[in-house]
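Per-entry structural report
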There are 2 protein chains.
Amino acid sequence: MRQKTAAIVVIGNEILTGKSQDENARFLIGELHSLGVALRRIVVIPDELDDIAAAVRECSSRFDYVFTSGGVGPTHDDLTIEGIARAFGRAIVRNPELADMIRGYFGDEADEARMRMADTPDGSHLVREEGLRWPVLATENVYILPGVPELFRKKFEAIRERFRAEPFHTSIVYTREDEFDIAPRLDRVVALHADVEIGSYPNYTSEEYRVKITLESKNADSVKNALRALIEMMDPTAMVRIE
Amino acid sequence: MRQKTAAIVVIGNEILTGKSQDENARFLIGELHSLGVALRRIVVIPDELDDIAAAVRECSSRFDYVFTSGGVGPTHDDLTIEGIARAFGRAIVRNPELADMIRGYFGDEADEARMRMADTPDGSHLVREEGLRWPVLATENVYILPGVPELFRKKFEAIRERFRAEPFHTSIVYTREDEFDIAPRLDRVVALHADVEIGSYPNYTSEEYRVKITLESKNADSVKNALRALIEMMDPTAMVRIE
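We now examine the overall build of chain A. The helix and strand inventory of chain A stands at nine helices and 12 strands. Relative to a compact globule of 243 residues, whose C-alpha radius of gyration would be 18 Å, chain A shows 22 Å and is clearly more extended. C-alpha extents for chain A along the principal axes are approximately 75 × 40 × 30 Å. Every one of the 243 residues in chain A was classed for burial, and the buried ones make up 56%. Sequence separation of 24 or more characterises 69% of the internal contacts of chain A that already satisfy a separation of 6 or more. About 10,900 Å² of surface is accessible on chain A, with carbon and sulfur atoms providing 47% of the total.

So this is what it looks like as C-alpha cells:
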C-alpha cells in the first residue's frame, strides 16, 4: 500500500524575518503523523507570487495533500489565492456561496475589501464541516488555511478526519554506545528491513544515553522484527531503555 | 545595494515526523535577521539523496548563502555530504586535513566509520575560527552544519561575523482598527514606499490591538518616511503604540 504523503507551504515574510514564530507547521507535523500521513516537505517562502506559485505547483504534483498557511487576508501582502491560481493556471473568480456568506455576515459593511475574501481560484471547492462558520477553501489537493495560529488550528481540527490513514508504528531504543561504533551494525539491520524507516540520533547533553535509534513503519510486525534484529546486534550492557 | 540573501535547508525525517522539534532554523532566523541577511527560504526535507541534491542546487543558485542542518553523522541516514556532492556534480574525496585531525583526535580508534567524517564533496573548503575544534565544511556557498542543536549553534556562532551586512531598520505600529478597513489606505502607503517591506498581521487574541503593521528596510530614512505616511492615514484614536 502506497502511503499518503503531504507537504506544508508556509507563506509569510513575518516568519522568515522572525517577527512571528511559526506555530502552524509545528502543530501540523504532530497532527499529520498521528493521522498516519507521511509529511515529506515543509517550505517557508516570502509573500511573493512566483515563489507561492512554484512551491504550490511542485508540492501539489508530488504529494497527495498540500496545506498552505498564511497570506489569505485583505491586505497587499496577502497573495496566496493569486499564487495558487497562478500555480494551476486558473483565473480568479468570485465564489457565489462565499459571497453570500460574506454579505450575510457583514450586511451593509460588506465592502469590496471584505467581498474580496470570496475570490478564489476557478474550480476550487469548499470543505464544510460542523463547527466551522467558514468552510475551508481547497484548490485541487491544496487546502488553504489562515496564518493566524488559533484559526489555522481550529480549521484543521475541523477537517482532520478526512486525512486519516493507517497509523505509524514506532519503537525507540536508547543506548550509551557511541554512534560511530553502532554504524556498521546498524547498516546491516537497515539492509535487512527495507520497509522500516530507521533513524539514528546522537545526543551530547543527556547523561542518560548517547544515541536514540527510531524504527517506524505502517506494519507493526515489521517494526517488531527490526527491533528484535537491532537488539540482538547491540551491546546489552549499554542499552538504556526501549519505548 | 542588492542585499545578501540566504536559505536554510533542514535535512531530517525526525523533524518531519515530529520525533524532534526543529531548533536550528528557529535559531538561525533570528541570527540572520540581526546580521542583516535576508532569509528567503526554509526547506525541511527527508533523508533522501535526490531531495537533498535538488534543494541544495536550487537554493545555492538563487541565494547568496545556504545553511544545511543535519545528516552529517556516520550512519546510513546521514546523506547530506553525498547529496551536496550530487547537487554540484562533484566526486566525494577524503579531505587530507580533516583526515589528519580525525587521526590526531581518535588515535587508534580512528576506524573507517570515523575516518568517513573526512569525506567531502571535491573542492569544498574548511572555514576555521577560534573556538572551533573542528572547522565548518563549506561547498561553494553551502555551509554544512550538524543537526544536533548545541553543535549547530556553537558552529554558527563561531562563523557568524562573516555574514554581517547592513542592518535592517524596523518600525511596528499596533492599532485597534480592523484590517479590512485599513487595507485600502495601506495599499496607498505601500505604493508610495516601494523600498520598505510592509506587513499587516491581524490578531484575534490580544485585548490590546487588532492589527500589527510592520515596516522594514535597509534604509532608516525610508522606514521613517513610510511610518510618517502610515500614521497620517490611520485613525489616531485607534492607534495603540509604535515601536
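Within the secondary structure, B:Glu216 sits in strand β11 (residues 211-217). B:Glu216 gets classed as buried once you look at its relative accessible area, which sits at 5%. A distance of 2.8 Å separates polar atoms of two side chains, one belonging to B:Glu216 and the other to A:Lys19. Only 2.7 Å separates the side chain of B:Glu216 from the side chain of B:Thr170, close enough to count as a polar contact. Those residues within four positions of B:Glu216 in sequence are excluded, and the remaining contacts are A:Thr17, A:Lys19, B:His33, B:Phe168, B:His169, B:Thr170, B:Asp195, B:Val196, B:Glu197 and B:Val223.

Here the focus is the domain arrangement of chain A. Looking at the assigned domains, one finds that chain A contains domain 1 (5-163) and domain 2 (169-242). The centre of domain 1 of chain A, based on its C-alpha atoms, is set 38 Å off from the matching centre of domain 2 of chain A.

All names here are of chain B. An order of β10-β11-β9-β12 is seen for the four strands of this open sheet, with the pairing classed as antiparallel. The open sheet has two edge strands with one neighbour each: β10 (197-202) and β12 (239-242). Averaged over neighbouring strand pairs, the angle between their axes works out to 15° when direction is ignored. Inspection of the sheet shows strand β9 (residues 169-175) paired to β11 by seven bridges, in the antiparallel sense. When the bridges of β11 are listed, Thr170 appears paired with Glu216. Its contacts with the sheet place helix α9 (residues 220-233) against β9, β11 and β12, and it is angled at close to 150° to β11.

Quick look at the interface of chain B and chain A now. Contacts between the two partners involve 56 residues from chain B and, on the opposite side, 56 residues from chain A. Here chain B and chain A share an interface that buries about 4,800 Å² over both sides, 56% of which is from carbon and sulfur atoms. Counting across the chain B and chain A interface gives 10 salt bridges. Close ionic contact of B:Glu216 with A:Lys19 constitutes a salt bridge, the shortest N to O distance being 2.8 Å. Applying the counting criterion to the chain B and chain A interface returns 20 residue pairs in polar contact (both at pLDDT 80 or more). Considering only residue class, the side of chain B that touches chain A consists of 23 nonpolar, 13 polar and 20 charged. When strand β2 (residues 38-45) of chain A meets strand β2 (residues 38-45) of chain B, the two strands line up antiparallel, connected through three bridges. Note on β2(B): the bridge partner recorded for A:Val44 is B:Ile42.

Looking now at the pattern of salt bridges. Residues and elements named next belong to chain B. Per the counting criterion, the structure on display carries 44 salt bridges over all chains. Its salt-bridge partner being Glu243, residue Arg241 comes within 2.3 Å of it at the nearest N-O pair. Residue Arg241 is classed as partly exposed on the basis of its relative accessible area of 30%.

Calculation criteria
- Residues numbered from 1 in each chain as written.
- Chains lettered and ligands numbered in written order.
- Predicted model: local features only at pLDDT ≥ 70, side-chain atom pairs only at ≥ 80, totals over all residues.
- Heavy atoms only, no water.
- Helix = DSSP H or I, 4+ residues; strand = E, 2+ residues; numbered from the N terminus.
- Rg over C-alpha atoms; globule rule 2.2 N^0.38 Å.
- Buried < 20%, exposed > 50% of the residue type's maximum accessible area, 1.4 Å probe, protein only.
- Contact = heavy atoms within 4.5 Å.
- Areas by Shrake-Rupley, 256 points an atom, 1.4 Å probe, with all protein chains shown as cover.
- Polar contact = N/O pair within 3.5 Å; in protein donor to acceptor, adjacent residues only side chain to side chain.
- Domains from an automatic or database assignment.
- Pairing = 2+ DSSP bridges.
- Axes fitted to C-alpha atoms, helices over the stretch in contact; angles between N-to-C directions.
- Buried area = accessible area lost by both parts, 1.4 Å probe.
- Salt bridge = Lys/Arg side-chain N within 4 Å of Asp/Glu carboxyl O.
- Nonpolar A, V, L, I, M, F, W, Y, C, P; charged D, E, K, R; others polar.

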